[in-house]
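# A look at the structure
Single-letter residue listing:
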Amino acid sequence: MVEGSEAEAARALLRWYAEMGVDEAVAPSPADLYSWTRADPGSAPRIETVRAAPEPEAAAVEPAALSTDEAIKAAETAAVACKSFEELEAAVKAFEGCPLKAGAKNTVFTDGVPGADLLVIGEAPGRDEDLLGKPFVGRAGQLLDRMLAAISRSRTENVLISNVIFWRPPANRTPTALETAVCRPFVDRLIEITDPKAVLIAGGAPLQALLGLTGIMRARGVWREIETMGGKRYPALPTYHPAFLLRQPAGKRLAWADLQSLNARLKEH
Ligand code: URA
């Protein structure tokens, strides 16, 4: 029986694991860690077994049958052919060129109002998003909803939300440059078809994927332009990812300034 502060420490550790994306058992069978004590070194190898077990969740993903160049070409061809939001959604769901799809439960395309004047683009689905097939539905998503509400925006009325990656990366790792390159034609087409007045770029990974920039600390709050594969340009504002703000609430002051800038821009026209 674990009590008091030990139980709280164990809960805190589990919460931390879940936040880091370690939310599934990796050992083939459960290990009863309580049966092992320091006074009973004979049972210690059970723990070694757990530690030594390979971590399929975090392992590199096997390359898909297509080479990356072929996958990017296939994505471009499929994306360009789409003339509507619905066609694009179907094309993303049918696309087999991104190896992340093999490990995901669902394709996570968008949530919100297609054609809204504000498009928010984040990084990639996490566990909750993968389970529900919708972007930003976990804790970070709830904070994003509150941030948007502060400027009278909501996904039920006047925002569309998506990511630069449509399938959950193993153990929530940051998507690789090749994975974002494969998804990019669909993201570009999403921007072109929904034609927002402004794109809010949430976090460092979409900053890199959409603008080729690193360093969200420096880049946030500065208006830029996303150029799509069709050669169109869209105003884009990088800001902190809500998951970062959950860990670093001090950043909310600057994120608030970014939201004010976004709101002013949206009201300009
Ligand atoms: N973080 C993201 O970047 N996107 C999601 O959909 C969820 C969490």
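Okay, so let's go over this structure. Because the structure is a prediction, the values reported are computed rather than measured.

Turning next to helix α3 (residues 68-80). Compared with an ideal rise of 1.5 Å per residue, which puts 13 residues at 18 Å, α3 spans 18 Å between its outermost C-alpha atoms and is within 8% of the ideal. All of the buried residues along α3 are Ala 71, Ile 72, Ala 75 and Ala 79. End-on view of α3: buried residues confined to an arc of 100°, all on one side of the axis. Among the exposed residues of α3, those oriented more than 90 degrees off its buried face are Asp 69, Lys 73 and Thr 77. On its buried side, α3 packs onto α4 (85-94) and α7 (177-194).

Strands sit in the order β1-β3-β2-β4-β6-β5 across an open sheet of 6 strands; the sheet is mixed. Strands with a single pairing partner mark the edges of an open sheet, and in this sheet they are β1 (111-112) and β5 (224-227). Sheet contacts for α7: β2 (118-122), β3 (160-163), β5 and β6 (233-239); angle to β2, the most-contacted strand, approximately 165°. Lying on the sheet, helix α8 (residues 204-211) is in contact with β2, β4 (198-202), β5 and β6; it crosses β4 at an angle near 130°.

Along the chain, Ser 67 turns up in the loop between α2 (45-52) and α3. Residues Ser 67 and Gly 97 lie 30 residues apart in sequence; the distance between their C-alpha atoms is 8.6 Å.

Before going further, it helps to spend a moment on the site of the ligand. Near the ligand, the surroundings consist of Gly 122, Glu 123, Ala 124, Glu 129, Pro 135, Phe 136, Asn 163 and His 241. One nitrogen or oxygen atom from the main chain of Phe 136 is found 2.8 Å from an oxygen atom belonging to the ligand. Between the ligand and His 241, the relevant distance is 2.7 Å, taken from an oxygen atom to a side-chain nitrogen or oxygen of the residue. Surface burial for the ligand is 92%, taken as the share of its 240 Å² of free accessible area covered by protein chains. Here the shell around the ligand is composed, by residue class, of 3 nonpolar, 3 polar and 2 charged.

A separate point is the packing of aromatic side chains. In the structure shown here, the tally under the stated rule is 5 aromatic pairs. With centroids separated by 5.8 Å and ring planes inclined at 45°, the aromatic side chains of Phe 109 and Phe 166 adopt a geometry described as tilted. In this pair, Phe 109 is assigned in the loop between α4 and β1 and Phe 166 in the loop between β3 and α7, connecting sequence segments 57 residues apart. Of the two residues examined, Phe 109 and Phe 166, each falls in the buried class. Centroid distance Phe 166 to Trp 167: 5.9 Å. Interplanar angle 85°. Geometry classified as edge-to-face. The class of Phe 166 is buried, set by a relative accessible area of 0%. Just above the ring of Tyr 240 sits the side chain of Arg 220; from NZ or CZ to the centre is 6.0 Å. The ring of Trp 223 carries Arg 265 above its face, with NZ or CZ at 4.6 Å from the centroid.

About the thresholds
Residues numbered from 1 in each chain as written. Predicted model: local features only at pLDDT ≥ 70, side-chain atom pairs only at ≥ 80, totals over all residues. Heavy atoms only, no water. Helix = DSSP H or I, 4+ residues; strand = E, 2+ residues; numbered from the N terminus. Expected span 1.5 Å × (residues − 1). Buried < 20%, exposed > 50% of the residue type's maximum accessible area, 1.4 Å probe, protein only. Arc of directions from axis to C-beta. Contact = heavy atoms within 4.5 Å. Pairing = 2+ DSSP bridges. Axes fitted to C-alpha atoms, helices over the stretch in contact; angles between N-to-C directions. Near = heavy atom within 4 Å. Polar contact = N/O pair within 3.5 Å; in protein donor to acceptor, adjacent residues only side chain to side chain. Areas by Shrake-Rupley, 256 points an atom, 1.4 Å probe, with all protein chains shown as cover. Nonpolar A, V, L, I, M, F, W, Y, C, P; charged D, E, K, R; others polar. Phe/Tyr/Trp six-rings, centres within 6.5 Å; stacked < 30°, edge-to-face > 60°. Lys NZ or Arg CZ within 6 Å of the ring centre and 35° of its normal.

Treat this as a map of the structure, not an account of what it does.
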